[in-house]
Amino acid sequence: MHFPNGRLCRSIALLAFTLCESLIAQTVLVEAESFAEIGGWSIDPQFMDQMGSPFLLAHGLGVPVVDARTEVRIPQAGTYRVWARTRDWVARWKVPGTPGRFQVLIESTPLKTMFGTEGAEWHWQDGGTIPLPAKSVKLALHDLTGFDGRCDAIILTRDLKWTPPDGDALAAYRRKALGLSTSPEPAGTFDLVVVGGGMAGTTAAVAAARLGLEVALIQNRPMLGGNASSEIRVYPEGRTMLGPNPGLGALEHELDPGTGAEIRLGSGNARSADVYADEKKVYVVQQEKNIRLFLNTHAIRVEKSGNRVTAVIARDVRTGKDLRFAGSLFADCTGDATIGALAGADYRVGRESRAETGEALAPELPDKQVMGTSYMWYAEEAPGPVPFPETPWALEFNERTAQRTTKGDWDWEIGMRQDQIAEAEAIRDYGYRAIYGNWSFLKNHIENKAAYERQRMVWVAYIAGKRESRRLMGDVILNQKDMAAGLVYPDASVSTTWSNDLHYPDPENTKGFAGSEFRSIAKFVEQKPYAIPYRCFYSRNIENLFMAGRNISVTHAALGSVRVQRTTAMIGEVVGMAASICRKRSSTPRGVYEKHLEELKALMQKGVGKEDNVNFAALVPFGFSVENKGGVINWKPFISRSLVRIKFHSIPDPSGDSSASLEVFHNGFKAVRRYNMREGEDGWLDLGMFEFTGDGIDFVRMVCSNSGRTFTPADIKFEVLRRDGITVGSTVIVKPAELR
């Protein structure tokens with residue numbers, strides 16, 4: 001075989017470079033996410049690893065969104081061919097209709113081509129030709145349906161025969177056309193690089209920073225919190241500050257929406273955005289001078305030396321600029337174990353067999369089934385009738401299969417038998433076909449459609465609420481058998497308090513949608529609080545890699561108990577502590593267990609949280625008490641763990657404090673309600689429902705400003721509710737006569 005000589009190779013390369021330079025001079029590339037005004041469109045970076053880029057999504061719930069607008073400079077006058085990278089998101093199912101239709105407007109005039117109408121995969125759709133002058137022109141994306149049309153980029157080119165590339169060639173073309181360097185820009189060198197800004201990643205960063213480390217916190221969303229943010233709206237669950245390390249969890253309380261919000265806004269999944277207190281998480285991080293926060297920044301690759309990670313390369317979602325984060329230690333808090341997978345860390349996906357693990361909850365044979373992704377939604381009543389479009393491209397429903405509801409909670413769960421990473425966009429799109437199709441049937445066809453006439457769909461998540469994908473393997477792989485037996489590990493750390501909660505396709509949903517279910521059931525197996533070994537929090541084969549969140553070293557069956565967010569937040573706290581010991585002792589994550597475990601235990605006993613509610617509450621005596629300093633009255637009942645409705649016996653006092661407050665300390669949180677002692681009637685004032693831990697840290701306190709006078713003490717009634725959250729099982733009344 002004849003190989004060209006070096007001179008010929010250089011000539012070919014020079015010719016290719018010259019042709020590329022010529023093409024760039026004739027072509028304008030506009031990334032959709034870089035539009036000056038995105039209007040009602042949303043930037044979606046979730047699928048960058050699969051399709052190559054963030055894109056704009058017209059997520060209008062059936063109402064066309066406001067145009068995205070920008071200006072582009074046309075370098076030379078002439079005729080240009082317009083291309084848009086897009087897809088018909090329902091084409092894979094071969095159904096009628098194209099819900100993702102949009103137009104491209106140039107100088108306010110729409111092109112004749114309707115985009116988003118062809119091709120199941122991402123591709124460049126030809127928009128025809130248009131004459132353009134050599135000047136700045138206005139460009140806009142005009143949504144036509146409100147049903148999740150999507151646009152990655154626009155190209156205008158004078159080379160009318162050229163077709164834009166895809167795949168690796170597209171990535172190279174983007175960087176050249178946008179003038180981006182092929183080498184990442186240094187972002188700094190850090191003691192700890194945390195990738196993923198959910199609850200676990202945030203606590204890992206804050207804990208490490210408070211213990212003196214220089215930390216980078218990288219998050220590919222515009223906010224922190226992950227599933228607990230207003231983008232996904234899963235309310236945090238689990239208990240904190242108990243077990244062998246009661247110091248763990250006060251940090252989580254600083255981030256948790258439970259403090260104060262439950263009285264004001266209520267709690268639960270799929271509620272209004274302010275329930276989830278996004279601002280608290282960012283505020284806590286911004287108070288730490290040792291943390292540099294990088295929002296809208298997506299990790300794309302790692303650099304390694306041997307079995308150590310030396311740097312993470314991450315891309316700015318809006319600009320496409322790459323940044324290099326060098327570090328000594330790294331924490332994968334991505335949920336999908338992205339950093340671990342890129343680094344070659346050992347991981348598992350799916351369910352282990354019963355023969356392998358001995359778990360009662362494991363299947364007979366191993367498989368790739370996982371717990372699915374939830375896309376929650378809800379509707380609200382409007383003053384008058386609200387129409388909703390027909391959706392011929394969605395799932396078909398009838399009187400038997402219709403889901404008669406105005407809210408989709410956690411159990412609108414999809415993709416249990418699919419690859420939660422590679423097929424993530426298809427999983428979401430199928431979920432949308434279920435949500436929109438069902439809602440359209442309720443609004444337009446169901447027999448009692450009058451019941452839904454005034455209901456308006458106000459929110460549908462577009463960011464995935466994932467439960468399970470990759471799980472990184474550590475020195476210990478915790479399984480459900482050991483948890484059920486109460487096996488005690490020497491490195492016991494975070495106590496998990498959630499029942500073993502595994503999800504499966506809903507058999508009722510299977511009747512109408514066999515193999516393609518979108519509803520799930522949860523099978524709960526009681527699990528006593530269990531302390532997870534620290535060795536589940538670092539990789540067994542990547543020397544300097546921690547993990548925190550749902551991607552820790554557990555089996556599928558054990559994940560059912562450890563994955564809730566208050567628990568994962570405490571895992572992050574432990575990772576931050578261990579990282580501080582690594583730096584202090586020039587050690588590794590494994591070395592902390594082998595040589596410095598007692599030091600880690602001391603940190604876990606103390607915790608790094610600034611929240612003092614729990615420690616303070618534990619000092620309040622049971623019964624009724626008036627503090628010596630005056631102006632403060634406490635009511636503390638003997639109640640085991642339960643859901644409690646609290647009622648305060650309000651007795652109007654004409655000379656009382658008009659700005660007193662009632663404080664409910666529950667599960668380590670403090671909820672506050674203002675109370676005017678001069679107003680109201682003699683009767684029971686309902687303060688709401690609260691979770692009591694039964695650990696002696698739950699009580700009610702009244703604080704008054706004029707502490708020099710004597711108040712008329714009142715009773716407080718604690719109604720202990722049954723599992724249904726409605727029926728009163730027992731009542732405990734704490735009276736002033738119980739003064740101790």
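Residues numbered from 1 in each chain as written. Predicted model: local features only at pLDDT ≥ 70, side-chain atom pairs only at ≥ 80, totals over all residues. Heavy atoms only, no water.

(A) Focus on the sheet that holds strand S2 (residues 42-44). If you walk across this open sheet you meet the 3 strands as S2-S3-S10, and the pairing is antiparallel. The open sheet terminates on both sides in strands that have one partner only, identified here as S2 and strand S10 (147-151). Looking at each pair of strands side by side, their axes are set apart by 35° on average, direction ignored. Both strand S3 (residues 55-59) and S10 contribute to a ladder of 4 bridges, which runs antiparallel. In the strand pairing of S10, His 59 is matched with Phe 147. (Pairing = 2+ DSSP bridges. Helix = DSSP H or I, 4+ residues; strand = E, 2+ residues; numbered from the N terminus. Axes fitted to C-alpha atoms, helices over the stretch in contact; angles between N-to-C directions.)

(B) Focus on the layout of surface pockets. Taken as a whole, the second largest pocket encloses approximately 520 Å³ of empty space. The wall of the second largest pocket is formed by 27 residues, among which Gly 52, Ser 53, Ala 171, Arg 174 and Arg 315 lie closest to the centre. Within the residue set of the lining of the second largest pocket, elements represented by two or more residues are helix H2 (48-51), helix H3 (167-177), strand S15 (297-305) and strand S16 (308-316). Broken down by element, the residue count for the lining of the second largest pocket peaks at 6 residues, all from H3. Along the lines of polarity and charge, the residues of the lining of the second largest pocket split into 9 nonpolar, 7 polar and 11 charged. (1 Å grid on protein atoms, 1.4 Å probe; cavity = no way out; pocket = protein on both sides within 12 Å on 5 of 7 lines; lining within 4 Å. Points joined across faces, edges and corners; volume = space filled by probe spheres on them. Nonpolar A, V, L, I, M, F, W, Y, C, P; charged D, E, K, R; others polar.)

(C) Layout of the packing of helix H4 (residues 199-210) against helix H7 (residues 278-286). It is the contact of H4 with H7, at a shortest axis distance of 10 Å, that shows an interaxial angle of 25°. Accordingly, the angle class assigned to the pair H4 and H7 is roughly parallel. As for the relative orientation of H4 and H7, their crossing is left-handed in sense. Contacts between H4 and H7 pair Met 199, Thr 202, Val 206 and Arg 210 from the former with Lys 281, Val 284 and Val 285 from the latter. (Parallel < 35°, antiparallel > 145°, perpendicular 65-115°, else oblique. Left-handed = near helix turned anticlockwise from the far one by under 90°. Contact = heavy atoms within 4.5 Å.)

(D) Local environment of the pairing of strand S5 (residues 78-86). Counting buried positions along S5 gives 7 out of 9 residues, so the element sits mostly inside the fold. In this sheet, strand S8 (residues 123-132) lies alongside S5 in antiparallel orientation, the contact comprising 8 bridges. Bridge pairing in S8 links Thr 86 to His 123. With 5 bridges connecting them, S5 and strand S11 (residues 153-157) associate as antiparallel partners. Residue Ala 84 lies in a different strand from S11, and its bridge partner there is Ile 154. (Buried < 20%, exposed > 50% of the residue type's maximum accessible area, 1.4 Å probe, protein only.)

(E) How the structure looks around the packing of aromatic side chains. Tallied over the entire structure, the rule returns 33 aromatic pairs. A centroid spacing of 5.5 Å and a plane angle of 70° characterise the contact between Trp 89 and Trp 393, whose relative ring orientation is edge-to-face. With a gap of 304 residues between them, Trp 89 in the loop between S5 and strand S6 (102-106) and Trp 393 in the loop between strand S20 (377-381) and strand S21 (407-408) connect regions that are remote in the sequence. By relative accessible area, Trp 89 is classed as buried at 0%. Using a relative accessible area of 5% as the deciding quantity, one classes Trp 393 as buried. Each ring, one from Trp 377 and one from Trp 439, has its centre 5.7 Å from the other, and the planes form 65°; the classification is edge-to-face. Of this pair, Trp 377 sits in strand S20 while Trp 439 sits in helix H10 (residues 424-444), and the two are 62 residues apart along the sequence. Each member of the pair, Trp 377 together with Trp 439, is buried. Each member of the aromatic cluster is reached from another via a ring pair, and the members are Trp 89, Phe 147, Tyr 375, Phe 388, Trp 393, Tyr 432 and Tyr 436. Here the basic side chain of Arg 535 rests over the ring of Tyr 593, its NZ or CZ set 4.1 Å away from the ring centre. (Phe/Tyr/Trp six-rings, centres within 6.5 Å; stacked < 30°, edge-to-face > 60°. Lys NZ or Arg CZ within 6 Å of the ring centre and 35° of its normal.)

(F) Region of the structure containing the packing of H4 against helix H14 (residues 565-585). For the pair H4 and H14, the least separation of the axes is 7 Å and the interaxial angle reads 30°. It follows that H4 is roughly parallel to H14 by the angle criterion. The handedness of the crossing between H4 and H14 comes out as right-handed. In this structure, H4 uses Met 199, Ala 200, Thr 203, Ala 204, Ala 207 and Ala 208 to contact H14, whose residues at the interface are Gln 565, Thr 568, Ala 569, Gly 572, Glu 573, Val 575, Gly 576 and Met 577.

(G) Fine view of the side chain of Glu 31. As for its placement among the helices and strands, Glu 31 is situated in strand S1 (residues 27-31). Apart from the residues lying within four places of it in its own chain, the contact partners of Glu 31 are Ser 53, Asp 152, Ala 153, Arg 174 and Leu 178.

(H) Summary view of the pairing of S1. Burial analysis of S1 places 5 of its 5 residues in the buried class, which makes it a mostly covered element. Alternating positions in S1 separate into two faces, Thr 27, Leu 29 and Glu 31 on one and Val 28 and Val 30 on the other, with burial throughout. The sheet contact formed by S1 and S11 spans 5 bridges and is antiparallel. Counterpart to Val 30 in the pairing with S11 is Ile 154.

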